Amino acid sequence: MPKTVATATAKPKSTPQPTPKPEPTPKPEESIYSYLQGPKSWKQRLKWSGEWGTSFYDGGSFGGFGCGLCCIANVYSSLTKYQCTPVDAYSYAKKKTGYGGGGAIDWGYMRRTLTSAGFACKVRRKPSSYAAFQEVIAKNKCAIVLVSSYFSDCYWKDTPGHYVTIFLYDRKTDKVFLADSGDPNHNRHWVSLKKIYKSLKTSSPWHYLTVKEYREENDAWKHKSAKGNWVSK
């Protein structure tokens, strides 16, 4: 009998597929809102600036008094699934508290506004030790602090009093992510927490406000969008 010759069928070569590049992990600060309040920022159309910077509300220039309202908007938009602009925060504060508008919002009205919006928050005085301040900041999601160059000019210059927001305290670096509505050169920078501590304005009845948590069921506002004429992130 003739020998059977085995034949092999060539298998098609598979085309090597490129290894998909892993998606970069978003930086935690990317989710932080950091509104700017003033007219110079708006004229340059900087990110986070808005038309409110050149507007007057109840007889006052928002660019001159709006830092506390920017802080409220930063906290609400950063820590919830909802959003608001500083002007939205201004209207809500007037509606829910005794804040009359046209000027800087004080600690009591700020706390009541945030409480009505679902936050557990507390106004505080500067601890006598830096270590105590570190522990308070570490245990909270963020804080609104009142700074003044009269008490220390280690970071702010020519600043009688100014509200800023600090987020994302990092124990390793001892830094916080700063949202500073009054200075684009400070806004969205990582800053030493010790500089914040040194700069607290202690002539004020309260020196900073901490935000412990947010509960949607306690949020009487649930503001869904940050609409308006502003340069979004």
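What you see is a predicted model; the values in this text were computed from it and never measured.

Rules used in this analysis
Residues numbered from 1 in each chain as written. Predicted model: local features only at pLDDT ≥ 70, side-chain atom pairs only at ≥ 80, totals over all residues. Heavy atoms only, no water. Helix = DSSP H or I, 4+ residues; strand = E, 2+ residues; numbered from the N terminus. Polar contact = N/O pair within 3.5 Å; in protein donor to acceptor, adjacent residues only side chain to side chain. Core = buried A, V, L, I, M, F, W, Y, C linked by side-chain atoms within 4.5 Å. Buried < 20%, exposed > 50% of the residue type's maximum accessible area, 1.4 Å probe, protein only. Contact = heavy atoms within 4.5 Å. Patch = residues over 30% accessible without salt bridge, like charges linked within 9 Å, V, L, I, M, F, W, Y side chains within 5 Å. Areas by Shrake-Rupley, 256 points an atom, 1.4 Å probe, with all protein chains shown as cover. Salt bridge = Lys/Arg side-chain N within 4 Å of Asp/Glu carboxyl O. Lys, Arg positive; Asp, Glu negative; His and termini not counted. Charge placed at Lys NZ, Arg CZ, Asp CG, Glu CD. Arc of directions from axis to C-beta. Pairing = 2+ DSSP bridges. Axes fitted to C-alpha atoms, helices over the stretch in contact; angles between N-to-C directions.

S.K.: Mind showing me how you'd approach the environment of Arg188 here?
M.R.: Here Arg188 lies in the loop between strand E6 (175–179) and strand E7 (189–192). Separated by 12 residues in sequence, Arg188 and Leu200 have C-alpha atoms that sit 19 Å apart. A distance of 2.8 Å separates a polar atom in the side chain of Arg188 from the backbone oxygen of Glu29.

S.K.: Help me understand the environment of Lys227 in this model?
M.R.: Tracing the sequence through the fold places Lys227 in the segment after strand E8 (208–219). Considered as a pair, Lys227 and Lys195 are 32 residues apart in the sequence and their alpha carbons are 34 Å apart.

S.K.: Even after reading the chapter, I still don't get the nonpolar core, so can you show me in this structure?
M.R.: Tyr35, Leu69, Leu114 and Ile144 are the most contacted members of the largest nonpolar core, which has 45 residues in total. Looking at this core, the element that brings in the most residues is helix H3 (residues 67–79), giving eight residues. If we ignore the near neighbours within four places in the chain, the residues touching Leu69 are Phe62, Pro86, Ala89, Tyr90, Ala93, Tyr99 and Ile105.

S.K.: Please clarify how unusual backbone geometry should be interpreted in this entry.
M.R.: Phi is positive for Arg45, which is not a glycine, with a value near 55°. Structurally, the position occupied by Arg45 is in the loop between helix H1 (39–43) and strand E1 (56–57). Residue classification places Arg45 among the partly exposed residues on the basis of a relative accessible area of 46%. You will see that Arg188, though not glycine, has its phi angle at about 65°, which is positive.

S.K.: Would you explain a positive patch on the surface in this entry?
M.R.: A surface patch of positive charge is lined by Lys157, Lys175, Lys194, Lys195 and Lys198. For the positive patch, the element with the most residues is helix H7 (residues 193–199), which contributes three residues. Relative to the assigned elements, Lys195 resides in helix H7. For Lys195, a relative accessible area of 32% gives the class partly exposed.

S.K.: Explain the pattern of salt bridges here, please?
M.R.: Side chains that differ in charge, positive against negative, can pair when their charged atoms come close. In total, this model carries four salt bridges according to the counting rule given. Across the pair Asp58 and Lys94 runs a salt bridge, and its minimum N-O distance is 2.9 Å. With Asp58 in the loop between E1 and strand E2 (60–61) and Lys94 in helix H4 (residues 86–96), this residue pair connects regions lying 36 residues apart in the sequence. Its relative accessible area of 32% is what places Lys94 among the partly exposed residues.

S.K.: How do you make sense of helix H6 (residues 130–138) when you look at a structure like this?
M.R.: Each α-helix turn comprises 3.6 residues. Residues three or four places apart therefore point the same way. Inspection of H6 places Tyr130, Phe133, Gln134, Val136 and Ile137 among the buried residues, and these make up the whole buried set. The buried residues of H6 occupy one face: seen down the axis, they fall within an arc of 165°. Where H6 is buried, its residues meet strand E3 (117–124), strand E4 (142–147), strand E5 (162–170), E6, H7 and E8.

S.K.: Whenever I open this one, helix H5 (residues 107–116) confuses me. Can you help?
M.R.: Looking at H5, one finds that the buried residues are Trp107, Met110, Thr113, Leu114 and Ser116. The elements touched by buried residues of H5 are H3, H4, E3, E4, E5 and E8. Sitting at the amino-terminal end of H5 is Asp106, which places a side-chain oxygen 3.2 Å from the backbone nitrogen of Gly108.

S.K.: How should the sheet that holds E8 be read in this particular structure?
M.R.: Working definition: the strands of a sheet are paired by backbone hydrogen bonds and lie parallel or antiparallel to each other. Ordered by their spatial adjacency, six strands build an open sheet running E3-E8-E4-E5-E6-E7, and the pairing between neighbours is antiparallel. The open sheet has two free edges, formed respectively by E3 and E7, since each of these has just one partner strand. Shown here is a sheet whose adjacent strand axes are inclined to one another by a mean of 35°, direction ignored. Pairing analysis gives six bridges linking E4 to E5, with the strands arranged antiparallel. Counterpart to Leu146 in the pairing with E5 is Tyr163. Packing against the sheet, H5 makes contact with E3, E4, E5 and E8, and its axis sits at approximately 150° to E3.

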